[in-house]
Amino acid sequence: VRGRWKRSRSAGNGVGAGLIRSPIVRDRVDSVFGDRRIQQAFTYISDHESEIEADQLRLTQIPAPPFGEAAHARQFSAELTNLQLEAATDSIGNVIASYDGFGRNPLIIGAHLDTIFPSSTRLQLERRGQSLFLPGISDNGAGIVALLWALRAAKAADLSFRRPVIAVGNVGEE
């Protein structure tokens, strides 16, 4: 890649476009991150780090081996329902909910519900400093929790979107 990367200004909390080549894209990203509601959503996430970690541990400790993720899907569905989203499970076990209605050209945010670990895997947490070790915590405990907390932050900041946003917890990824 040729050309010079230019660091852009950032929003009040240091979130910004960073090193983006195109001034058009850089300005648009900075504009989005500079929006008061977006800043409120980032603050919401920062203010709830301990709850996010607790959710990640709690949800990861639900066994979800390949083709055996039904319990994890039920809990994910319950979490979406607690957010006042109408969650539905399709015929193969995918959990689907819209943020503010379905429609044309949706943005789909997905995370897989299963892990590569068989049901016999011991789900024992180990902490080393601030690092957490638990089978499945990054496959895909992190994605499911990130999806849930992105929706929580959006609701807390009263965000609305130009396109329908659809949350999907999908099965059979492994």
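Rules of the game
- Residues numbered from 1 in each chain as written.
- Predicted model: local features only at pLDDT ≥ 70, side-chain atom pairs only at ≥ 80, totals over all residues.
- Heavy atoms only, no water.
- Helix = DSSP H or I, 4+ residues; strand = E, 2+ residues; numbered from the N terminus.
- Buried < 20%, exposed > 50% of the residue type's maximum accessible area, 1.4 Å probe, protein only.
- Contact = heavy atoms within 4.5 Å.
- Areas by Shrake-Rupley, 256 points an atom, 1.4 Å probe, with all protein chains shown as cover.
- Phe/Tyr/Trp six-rings, centres within 6.5 Å; stacked < 30°, edge-to-face > 60°.
- Lys NZ or Arg CZ within 6 Å of the ring centre and 35° of its normal.
- Pairing = 2+ DSSP bridges.
- Core = buried A, V, L, I, M, F, W, Y, C linked by side-chain atoms within 4.5 Å.
- pLDDT = per-residue confidence, 0-100.
- Axes fitted to C-alpha atoms, helices over the stretch in contact; angles between N-to-C directions.

1. Brief notes about the overall build of the protein chain
Phase 1: Counting secondary structure elements, the protein chain contains five helices and six strands.
Phase 2: When the elements of the protein chain are put in sequence order from the N terminus, they spell out α-α-α-α-β-β-β-β-β-α-β.
Phase 3: Evaluated residue by residue, the protein chain yields a buried proportion of 37% over its 174 residues.
Phase 4: When contacts within the protein chain are restricted to residue pairs at least 6 apart in sequence, those whose partners lie at least 24 apart make up 64%.
Phase 5: Per element, the accessible surface of the protein chain, about 10,500 Å² overall, is 52% carbon and sulfur.

2. A look at the packing of aromatic side chains
Phase 1: Applying the stated criterion across every chain, the model contains three aromatic pairs.
Phase 2: Consider the rings of Tyr99 and Phe161, whose centres lie 5.2 Å apart with planes at 75°: the pair is edge-to-face. Placement of the pair is Tyr99 in the loop between strand S2 (95–98) and strand S3 (107–112) and Phe161 in the loop between helix H5 (137–156) and strand S6 (165–170), with a sequence separation of 62 residues.
Phase 3: Cation over ring: Arg152 sits above Trp149, and NZ or CZ is 4.6 Å from the ring centre.
Phase 4: The ring of Tyr99 has Lys155 lying over it, and the distance from NZ or CZ to the ring centre is 5.4 Å.

3. Observations regarding the pairing of S2
Phase 1: Here strand S1 (residues 88–89) pairs with S2 via two bridges, running antiparallel. For Thr89, the partnering residue across the bridge sits in S2 and is Val95.
Phase 2: Between S1 and the antiparallel strand that follows it, S2, lie five residues; Gly93 among them carries a positive phi value of about 110°.
Phase 3: Looking at chain direction, S2 and S6 are connected through four bridges and run antiparallel.

4. Some points on the nonpolar core
Phase 1: Within the largest apolar cluster, 28 residues are counted, with the highest numbers of intra-cluster contacts made by Phe76, Leu80, Leu113, Ile144, Leu148, Leu151 and Leu159.
Phase 2: No other element matches the eight residues that H5 contributes to this core.
Phase 3: Excluding its chain neighbours within four sequence positions, the residues that come into contact with Phe76 are Val95, Leu113, Ile144, Leu147, Leu148, Val168 and Gly169.

5. Observations regarding the confidence of the model for the protein chain
Phase 1: Per-residue confidence for the protein chain gives a mean pLDDT of 88; residues scoring 70 or more make up 89%.
Phase 2: Confidence, expressed as mean pLDDT per element, reaches its minimum in the protein chain at helix H1 (residues 23–34) with 84 and its maximum at S2 with 98.
Phase 3: Note on residues 1–12: pLDDT under 50 across the span, and 27 contacts to partners over four residues away in sequence or across chains.

6. What to know about the sheet that holds S3
Phase 1: Taken together, the four strands give an open sheet; going across it, the order is S1-S2-S6-S3, and neighbouring strands pair in mixed fashion. Looking at the sheet topology across the chains shown, the edges are occupied by S1 and S3.
Phase 2: Running over the sheet, helix H4 (residues 70–82) touches S2 and S6 and is turned about 10° from S2.
Phase 3: In this fold H5 packs onto S3 and S6, with an angle of close to 145° to the strand it touches most, S3.

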